[in-house]
Amino acid sequence: MRLGVIFVAVCMVIIAGSAGAIVYFYLGVSASEAATIAVATLTALALYNTVSTRIGTRTVVGRQLADLSRGVADLARQVAELGRRLAAMEGKVETALDRTAAVTDPLSMEIGELGMLIKQLAETVAAHQTSLDELRSAPAVPPGILAAEALAQHLAAEASAQRHTAEPVAPSEPARPSEPDAAPAAPATDGVDARAQEQAREQEAALASIRTAIDANRVDLYLQPIVTLPQRKVRYYEAMSRLRNERGEVVHAADFIPQAETGGLMPKIDNLVIFRCVQVVRRLLLKNRDIGLFCNLSGTTLTDATYFPQFFEFLEANRAIAPSLVLEFTQSAVRAMGPIEHECLAALSERGFRFSMDNVVDLRIEPRELANRGFRFIKIQANHLLNRGGTATATDIHPADLSDLVGRFGIDLIAERIESEGSVVDLLDCDVRYGQGFLFSPPRPVRAEALQGIAERSDVVARETGAATDNAPPSDTAGRNPDAPSPNAGKIERTTGLAQLARAVVGRG
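A brief report on the enclosed structure follows.

Conventions used here
Residues numbered from 1 in each chain as written. Predicted model: local features only at pLDDT ≥ 70, side-chain atom pairs only at ≥ 80, totals over all residues. Heavy atoms only, no water. Helix = DSSP H or I, 4+ residues; strand = E, 2+ residues; numbered from the N terminus. Buried < 20%, exposed > 50% of the residue type's maximum accessible area, 1.4 Å probe, protein only. Contact = heavy atoms within 4.5 Å. Areas by Shrake-Rupley, 256 points an atom, 1.4 Å probe, with all protein chains shown as cover. Pairing = 2+ DSSP bridges. Right-handed = clockwise from strand over helix to strand, strands pointing away. Expected span 1.5 Å × (residues − 1). Salt bridge = Lys/Arg side-chain N within 4 Å of Asp/Glu carboxyl O. Axes fitted to C-alpha atoms, helices over the stretch in contact; angles between N-to-C directions. Parallel < 35°, antiparallel > 145°, perpendicular 65-115°, else oblique. Nonpolar A, V, L, I, M, F, W, Y, C, P; charged D, E, K, R; others polar. Patch = residues over 30% accessible without salt bridge, like charges linked within 9 Å, V, L, I, M, F, W, Y side chains within 5 Å. Disulfide = S-S within 2.5 Å. Core = buried A, V, L, I, M, F, W, Y, C linked by side-chain atoms within 4.5 Å. Phe/Tyr/Trp six-rings, centres within 6.5 Å; stacked < 30°, edge-to-face > 60°.

### Some words on the overall build of the protein
Reasoning step 1: Helix and strand counts for the protein come out as 16 helices and 10 strands.
Reasoning step 2: Considering the protein as a whole, with its 509 residues, one finds that 33% of them fall into the buried category.
Reasoning step 3: Taking all contacts inside the protein whose residues are at least 6 apart in sequence as the whole, residues at least 24 apart take part in 72%.
Reasoning step 4: Accessible area for the protein stands at about 30,400 Å²; split by element, carbon and sulfur atoms hold 58% of it.

The structure is reproduced here in structure tokens:
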């Protein structure tokens, strides 16, 4: 563009100069007049060039503006068409969504109902499976007793048949031969009664020994570490209760807990153990703020109207250590829990306490339901997870996937009873985060200095609860040994007063 302007200017100067030279040489005018004519010619040419340039530019700009206007109009029409199509598409999408909702809502309701039915069916099947497992693990009746009972029934049937056959002939004579036949049934019945009486005496002696150990404060606390895998760093401890008899021998939990639950003594033992656990947790937290303690409890403690209020008040007073104290229940106790136990667990969960489930023999579990109740840990034997030694457990999911399943609901899986390095390697493949067993450390007793001041508190509680039990009004104990266990011991009666106690505990929060 600039080169064209320069070329035009040069041409106009040449033309103007040529006009001045022609006038000067051919017309004979003076030099000044010739210069004036050249300047005038140059001015005329410049004006003409300017006007013609503007006219051309205006024409070009006009055409461009017209083209731009046509483009804008086309764009506006396209935008309007796009808006119309978008509105039509939105209407079609809303219609499709409405139709889809109308079709899927009934299906969703049916799927929800089907899920509830499947859940109920799973619970029923799990209960039946548990009953079958209990029947399989129940001790068989000695064959001698069965034979004696069968012999007694057979002899009684023969005697009855002989009586009915001999009655029409002689009412008195034929009755005599039946007496020798019925006589052998008596020794068998007497043997069964004697065996039952002997078992009752053994049960009474065991309960008396447990009561004596509790009253003498011979309930010891043992700790076994729970470590992280594969680092093997101690993260938790599990508290285990042990009894010492009169000879100083240690009685393991598996040897006295069944008798204590039958005799209704577990709430009293749990009350003593929880005091010791709180004391141990406080001492552990002084050294490591990330440490925790698992405390084993019985399900009957939650329904005991005498001990649970003290138990709950003590935990509420120590709710500051709730994140470091985990209350542990067995799987059978969790499955046997009713509305009262659930209310008590909810009250403890509101105070910040977490729960664990151990002694798992059936992997048909509902992690969502456990998580809603406050359970954050599940302890399973390593052999059950690895299907070793014929310990395959009934389950709807492969044990290797169990850790991921419960982890989705905030529950950690702990493998217990680990006794070999090979088990640790296999458990790491199953993504198990915590381990416990004799491979890491056996249970060790808590040092006496760690429980200073707790023995006196336990004695006070034992005396108070004992006094409350002694002052209780007698019901049907007349003519019965006061040390003998009640026939209904271990089966806590869920009365209206106990339900009111649970509701009061929940309402207090």
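Moving on from the model shown.
### So, the pairing of strand 8 (residues 412-416)
Reasoning step 1: Counting buried residues in strand 8 gives five out of five residues, a clear majority hidden from the surface.
Reasoning step 2: By the alternation rule, side chains of strand 8 split into Asp412, Ile414 and Glu416 and Leu413 and Ala415, which are all buried.
Reasoning step 3: Bridge count for strand 7 (residues 375-381) against strand 8 is five bridges, and the pairing is parallel. Bridging across to strand 8, Phe377 finds its partner in Asp412.
Reasoning step 4: Of the pairings in the sheet, the one linking strand 8 to strand 9 (residues 434-435) comprises two bridges and is parallel in character. Bridge pairing in strand 9 places Ala415 opposite Gly435.
Reasoning step 5: The parallel pair strand 8 and strand 9 is bridged by helix 14 (residues 421-429), and the resulting crossover is right-handed.

### So, helix 7 (residues 266-287)
Reasoning step 1: Along its 22 residues, helix 7 runs 31 Å from first to last C-alpha, staying within 8% of the 32 Å computed at 1.5 Å per residue.
Reasoning step 2: The buried fraction of helix 7 amounts to 16 of the 22 residues, a majority that puts the element mostly inside the structure.

### Section: the pattern of salt bridges
Reasoning step 1: Scanning the entire structure with this criterion turns up 14 salt bridges.
Reasoning step 2: One salt bridge in this structure joins Glu328 and Lys379, with 3.5 Å as the shortest N-O distance. Of the two residues, Glu328 is situated in strand 5 (residues 325-330) and Lys379 in strand 7; the sequence distance between them amounts to 51 residues. You'll find Glu328 and Lys379 in the same group, each marked buried.
Reasoning step 3: It is possible to trace a salt-bridge network through shared partners that takes in Glu238, Glu328, Lys379 and Glu416.

### Some words on the packing of helix 7 against helix 8 (residues 308-317)
A pair of packed helices can be characterised by two numbers: the angle between their axes and the separation between those axes.
Reasoning step 1: Taken N-terminus to C-terminus, the directions of helix 7 and helix 8 make an angle of 10°; their axes are 10 Å apart at the nearest point. On the basis of the axis angle, helix 7 is roughly parallel to helix 8. Residues Asn271, Ile274, Phe275 and Val278 of helix 7 pack against Gln310, Phe311, Phe314 and Leu315 of helix 8.
Reasoning step 2: Its residues assigned to classes, the contact of helix 7 with helix 8 shows six nonpolar, two polar and no charged.

### Here's the deal with a nonpolar patch on the surface
Reasoning step 1: Side chains of Ile22, Tyr24, Phe25, Tyr26 and Leu27 sit close together on the surface and give an oily, nonpolar patch of about 660 Å² of accessible area.
Reasoning step 2: Relative to the helices and strands, Tyr26 is located in helix 1 (residues 2-26).
Reasoning step 3: On the accessibility criterion, Tyr26 (71% relative accessible area) is exposed.

### Remarks on the state of the cysteines
Reasoning step 1: Per the stated rule, a full pass over the model turns up zero disulfides.
Reasoning step 2: In this model Cys295 remains outside any disulfide bridge; the closest cysteine sulfur is found in Cys277, 3.3 Å from its own.

### Some words on the environment of Gln203
Reasoning step 1: Its place among the elements puts Gln203 in helix 5 (residues 185-215).
Reasoning step 2: For Gln203 and Gln259, which are 56 residues apart along the polypeptide, the C-alpha to C-alpha distance reads 7.2 Å.
Reasoning step 3: Excluding its chain neighbours within four sequence positions, the residues that come into contact with Gln203 are Gln259 and Thr262.

### Some thoughts on the side chain of Gln331
Reasoning step 1: Take Gln331: it is sitting in helix 9 (residues 331-335).
Reasoning step 2: In this structure Gln331 touches Met357, Asp358, Asn359, Val360, Val361, Asp362 and Ile365, once residues within four positions along its chain are discounted.

### Some thoughts on helix 1
Reasoning step 1: Between its terminal C-alpha atoms helix 1 stretches 36 Å, which fits the 36 Å expected from 25 residues at 1.5 Å a residue.
Reasoning step 2: Along helix 1, the positions that sit buried rather than exposed are Met12, Ala16, Gly20 and Val23.
Reasoning step 3: Backbone geometry just downstream of helix 1 places Gly28 in the positive-phi region, at approximately 75°.

### A few points about the nonpolar core
Reasoning step 1: Ile274, Leu325, Leu327, Phe329, Ile378 and Leu402 are the most contacted members of the largest nonpolar core, which has 75 residues in total.
Reasoning step 2: Ranked by residue count, the leading element in this core is helix 7, at 11 residues.
Reasoning step 3: Non-local contacts of Leu325, meaning those with residues more than four positions away in its chain, are made with Ile274, Cys277, Val278, Val281, Leu293, Cys295, Leu315, Phe353 and Arg354.
Reasoning step 4: Judged by nonpolar contacts, the second largest core, of seven residues, contains Ile226, Tyr236, Phe377 and Ile414.

### Considering the packing of aromatic side chains
Both the distance between ring centres and the angle between the ring planes are used here to describe each pair of aromatic rings.
Reasoning step 1: Counted by the stated rule, this structure contains 10 aromatic pairs.
Reasoning step 2: Ring centres of Tyr236 and Phe377 lie 5.3 Å apart, and the angle between their planes is 75°; this geometry places the pair in the edge-to-face category. Here Tyr236 is found in strand 2 (residues 234-244), whereas its partner Phe377 is found in strand 7, with 141 residues between them in sequence.
Reasoning step 3: Where Phe355 meets Phe375, the ring centres are 5.6 Å apart and the plane angle is 55°; that geometry is what we call tilted.

### Quick notes on unusual backbone geometry
Residues apart from glycine generally show negative phi values, whereas peptide bonds are mostly found in trans.
Reasoning step 1: A cis amide bond links Leu229 with the next residue in sequence, Pro230, at an omega value of 5°.
Reasoning step 2: Checked against the element boundaries, Pro230 lands in the loop between strand 1 (219-228) and strand 2.
Reasoning step 3: In this structure, Arg232 takes a positive phi of about 60° despite not being glycine.
Reasoning step 4: Note on placement: Arg232 falls in the loop between strand 1 and strand 2.
Reasoning step 5: The phi angle at Asp431 is positive, at roughly 60°, despite the residue not being glycine.
Reasoning step 6: For Asp431, the location among the structural elements is in the loop between helix 14 and strand 9.
Reasoning step 7: By relative accessible area, Asp431 is classed as partly exposed at 42%.

### Description of the environment of Val219
Reasoning step 1: Residue position: Val219 is located in strand 1.
Reasoning step 2: Classification of Val219 as buried rests on a relative accessible area of 2%.
Reasoning step 3: Between the C-alpha atoms of Val219 and Asn245, which are 26 residues apart in sequence, the distance is 9.7 Å.
Reasoning step 4: Setting aside chain neighbours within four positions, we find Val219 in contact with Ala213, Ile214, Ser241, Arg242, Leu243, Leu272, Val273 and Arg276.

On their own, these measurements won't tell you what the molecule is for.
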